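Structure assessment
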Amino acid sequence: MDYKKQFAENLEKALNGALDAKKIESMIEKPKHADHGDLAFPCFELAKIQRKAPNQIAKETAEAIESNLFEKVEPVAAYVNVFLNKQMVSSEVIKTVMESGQDYGNLNVGKGGAVTIDMSSPNIAKPFSMGHLRSTVIGNALALILEKTGYRPVRINHLGDWGTQFGKLIVAYKKWGDEAAVRENTIKELLSLYIKFHEEAEKDPALEEEGRLWFKRLEDGNAEAVTLWEWFREESLQEFNRIYELLGITFDSDHGEAFYNDKMDRVIDLLNEKSLLTESEGAQVVELEDETLPPCLIRKSDGATLYATRDLAAALYRQDTYEFVKALYVVGNEQSLHFKQIFEVLKKMGYDWADEMHHIPFGMMLKDGKKMSTRKGKVVLLEEVLNEAIELAERNIEEKNPLLENKEHIAKEVGVGAVIFHDLKNDRKNDIEFSLEDMLRVEGETGPYVQYTNARACSLLRKGNYEPADASVEIVDEEAWPVVTELMEFPDAVRRALLNYDPSQVAKYIVDLAQAFNKYYGAVRILENEEQKYARLSLVQSVSVVLTEGLRLLGIDAPKEM
Ligand code: ARG
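Residues numbered from 1 in each chain as written. Predicted model: local features only at pLDDT ≥ 70, side-chain atom pairs only at ≥ 80, totals over all residues.

1. Things to note about the overall build of the protein chain
Counting its secondary structure elements, the protein chain contains 21 helices and 13 strands. Expressed as lengths along the three principal axes of its C-alpha atoms, the size of the protein chain is roughly 85 × 65 × 40 Å. The burial tally for the protein chain puts 40% of its 562 residues in the buried class. (Helix = DSSP H or I, 4+ residues; strand = E, 2+ residues; numbered from the N terminus. Buried ≥ 20, exposed ≤ 12 C-beta atoms within 10 Å, placed from the backbone.)

Right, dumping it as structure tokens:
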């Protein structure tokens, strides 16, 4: 079903082998306007080789092409434009989609290689931020896209569960904490204890010292410190898990920063062995001057290791454990330097696999053009956002389809889907404006729009009592062609999403497919003609298969009714 390839083979023949098919294929373009055909071959390069006018070559080549795959072959200026045989291609595309089902668009480029995806990774005892939401949602979509393209994704939640702040938190809890309140509302309570600690420490600097002392105790395994830390971690994780549950996302590992405590010596030893460590103001660093980066801080003068040291230990551990062929880090733009440093240090250590480590940055979530902050007054609690989206979806259903069964469940699929889609529809590097109303609109480029289109397709299939049987059908409607060409595009959209590590390629694609289908739906009375009905419904079924699969790749459900 690779028409580009078939066109290239035809061209190779027509050109008497002046260029080989592979080369030709890479030159073939897709005309911007449908009235210029479905595929086009530019003759400029050939004109240079053959020292002939490109228009002349286009003309001669067009005349030499013979194939029933094309309805029309037309030289236009320096291009050979071809129009695919709509009937033939439509039949073939529908057949392929029907036969492959949700496997349509699968690629086996990954060959089963493991890809670790460092994603979500919130900090214990602090609110789950919009940045963490973005990381979770983008990371999960990338995992699904990697899986579809033959890789084995490993979702890792690298929890921020270590650092001097836990010493402070222990002090604050021992002084002012209330066990029941922490149990009841962990993040909120711990956050206010942390804020109180800083306020009090301004008046009484001795508190800072006490905090350091308790962190030291924690590092040394003091039972009281460890018990409190474990408890904070456990309670925080439970709170985060409510969000993951709403999103329908699970992890293969939640080894956070603390997991690497006993794996730091190895990093330091290896760095020493390779003579990469240098002293700088009492601290130990890896110089990255040749890479034009600031030095990577490995160990502070008091012996404490750092965020970077933990990431080095984590990289070694992950390579040992999973033998990853790629390691992705879905973390905001602001940590770019950190990851550049980590990757360079690993390369200096001589690890070839470091070439396959990639920081996957993303932009900020804005509210009224400003960064959304979880600090102090402006806490936007994510769980509230998700629940509000679900409620709004529920109200919509109540209004438009009050008899719908399973309302609550579907409202959850729609509300959560809206939030996820809103995040994934833009190139991930862009900042995005947060707006619940926009997300939930049923018109425009939204999750609910795509879901609604699919539900409409499903309802047609029900009304038409469609039972998929013979996959060979003949579509005669002219209006079906834009839908068929979109269906044909899906494997390419998946491939682009993989190449750019960008789920928005899939999100944009399913919006285009939904729009094409809605146009068709508006133009053709699908159920009216008995003779045509089966073929048309097969097209509808194909659309539903691809919309459902596209949504799935983004981590979004596709209700059959809504
Ligand atoms: N916990 C960090 C933060 O919230 C993100 C961790 C990202 N992953 C990593 N391996 N460094 O900023």
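2. A few points about the packing of helix α7 (residues 165–176) against helix α10 (residues 206–219)
Here α7 crosses α10 at 110 degrees, and the two axes come no closer than 7 Å. Classified by the angle between their axes, α7 and α10 sit roughly perpendicular to one another. The two elements α7 and α10 meet at a crossing, and its hand is right-handed. In contact with Phe166, Gly167, Lys168, Ile170 and Val171 of α7, α10 contributes Leu207, Glu210, Gly211, Arg212, Trp214, Phe215 and Leu218. Its residues placed into classes, the contact of α7 with α10 shows 7 nonpolar, 2 polar and 3 charged. (Axes fitted to C-alpha atoms, helices over the stretch in contact; angles between N-to-C directions. Parallel < 35°, antiparallel > 145°, perpendicular 65-115°, else oblique. Left-handed = near helix turned anticlockwise from the far one by under 90°. Contact = placed C-beta atoms within 7 Å. Nonpolar A, V, L, I, M, F, W, Y, C, P; charged D, E, K, R; others polar.)

3. Regarding the sheet that holds strand β7 (residues 283–286)
Taken in spatial order, the 3 strands of this open sheet run β6-β7-β8, and their pairing is antiparallel. The strands lining the two open edges of the sheet, one partner per strand, are β6 (277–280) and β8 (296–299). Across the sheet, the mean angle from the axis of one strand to that of its neighbour is 45 degrees, orientation sign disregarded. Taken together, the 4 bridges between β6 and β7 define a ladder with antiparallel strand orientation. The residue of β7 that forms the bridge with Leu277 is Val286. Taken strand by strand, helix α12 (residues 264–273) contacts β6, β7 and β8, and its axis lies near 120 degrees from that of β8. (Pairing = 2+ DSSP bridges.)

4. Thoughts on unusual backbone geometry
Peptide bonds are mostly trans, and most non-glycine residues show a negative phi. Positive phi outside glycine occurs at Asn16, with the angle close to 50 degrees. Its location among the elements puts Asn16 in the loop between α1 (3–14) and α2 (21–27). Judged by C-beta crowding, with 8 C-beta atoms within 10 Å, Asn16 ranks as exposed. The phi torsion at Ala125 lies on the positive side, around 70 degrees, for a residue other than glycine. Structurally, Ala125 can be placed in the loop between β4 (114–118) and α6 (130–148).

5. Description of the nonpolar core
Within the largest apolar cluster, 128 residues are counted, with the highest numbers of intra-cluster contacts made by Val506, Ile510 and Leu554. Counting contributing residues per domain, this core is built from domain 1 (3–84) and domain 3 (382–554), each supplying no fewer than three. In this structure Ile510 touches Val450, Leu547, Gly550 and Leu551, once residues within four positions along its chain are discounted. Residues Ile170, Tyr173, Trp214 and Phe215 belong to the second largest nonpolar core, which totals 22 residues. (Core = buried A, V, L, I, M, F, W, Y, C linked by C-beta atoms within 7 Å. Domains from an automatic or database assignment.)

6. So, the UniProt feature "short sequence motif: 'HIGH' region" (unreviewed entry) in the protein chain
If you check UniProt for "short sequence motif: 'HIGH' region" (unreviewed entry), the listed places come out as residues 122–132 in our numbering. Secondary structure within residues 122–132 divides into 27% helix and 0% strand; the distance between the first and last C-alpha atoms comes to 6 Å. (UniProt positions renumbered as here; feature names shortened; annotations may be inferred.)

7. What to know about the UniProt feature "domain: Arginyl tRNA synthetase N-terminal" (unreviewed entry) in the protein chain
What UniProt calls "domain: Arginyl tRNA synthetase N-terminal" (unreviewed entry) maps, in this numbering, to residues 5–84. Strand forms 21% of residues 5–84 and helix 44%; the C-alpha atoms that close the span are 13 Å apart.

8. Describing the environment of Leu193
Tracing the backbone shows Leu193 in helix α9 (residues 186–203). Spatially, the C-alpha atom of Leu193 lies 72 Å from that of Leu11, the residues being 182 residues apart in sequence. Other than its neighbours up to four places away in sequence, Leu193 contacts Leu169, Ala172, Tyr173, Trp176 and Gly177.

9. So, the packing of helix α18 (residues 447–463) against helix α20 (residues 504–523)
Where α18 contacts α20, the axes come no closer than 10 Å and their chain directions differ by 45 degrees. By the angle class used here, α18 and α20 are oblique. Helix-helix and strand crossings are classified by hand; for α18 and α20 the assignment is left-handed. Within the contact between the two elements, α18 uses Tyr449, Val450, Thr453, Arg456 and Ala457 and α20 uses Ile510, Val511, Ala514, Phe517, Asn518 and Tyr521. Considering only residue class, the contact of α18 with α20 consists of 8 nonpolar, 2 polar and 1 charged.

10. A word on α7
The terminal C-alpha atoms of α7 lie 16 Å apart, and with 12 residues this matches the ideal 16 Å at 1.5 Å per residue to within 8%. For α7, every residue scored as buried is listed here: Phe166, Gly167, Lys168, Leu169, Ile170, Val171, Ala172 and Tyr173. In this structure, the buried residues of α7 make contact with α9, α10 and α11 (223–247). (Expected span 1.5 Å × (residues − 1).)

11. Examining α9
In this model, α9 (18 residues) spans 26 Å end to end at C-alpha, consistent with the 26 Å of a helix rising 1.5 Å per residue. Buried residues in α9 make contact with α7, α8 (179–184), α10 and α11.

12. A short note on the confidence of the model for the protein chain
On average, residues of the protein chain score 94 in pLDDT, and 98% of them are at 70 or above. Complex prediction metrics read pTM 0.94 and ipTM 0.99. (pLDDT = per-residue confidence, 0-100.)

13. Let's talk about the sheet that holds strand β1 (residues 39–42)
Spatially, β1-β3-β2 is the arrangement adopted by the 3 strands of the open sheet, whose pairing is antiparallel. Strands with a single pairing partner mark the edges of an open sheet, and in this sheet they are β1 and β2 (70–76). Here the strands of the sheet are splayed against their neighbours by 15 degrees on average, with no regard to which way each runs. Relative to strand β3 (residues 79–84), β2 is paired through 6 bridges, and the arrangement is antiparallel. Residue pairing in the sheet places Val73 in a bridge with Val82 of β3. Against the sheet, α1 makes contact with β1 and β3, and its axis sits at roughly 40 degrees relative to β1, the strand it touches most.

14. Thoughts on the environment of Asp311
Assignment of secondary structure puts Asp311 in helix α13 (residues 307–322). For the pair formed by Asp311 and Tyr260, sequence separation is 51 residues and the distance between their alpha carbons is 8.7 Å.

15. What about the pairing of β4?
Of all 5 residues making up β4, 4 are buried, and the element is well covered by its neighbours. In this sheet, strand β5 (residues 152–156) lies alongside β4 in parallel orientation, the contact comprising 5 bridges. Looking at β5, one finds that Ile117 is bridged to Arg155. In this view, the connection linking β4 to its parallel neighbour β5 by way of α6 has right-handed handedness. By the bridge criterion, 4 bridges tie β4 to strand β9 (residues 326–330) in an arrangement that is parallel. Counted as the bridge partner of Val115 is Lys326 from β9. (Right-handed = clockwise from strand over helix to strand, strands pointing away.)

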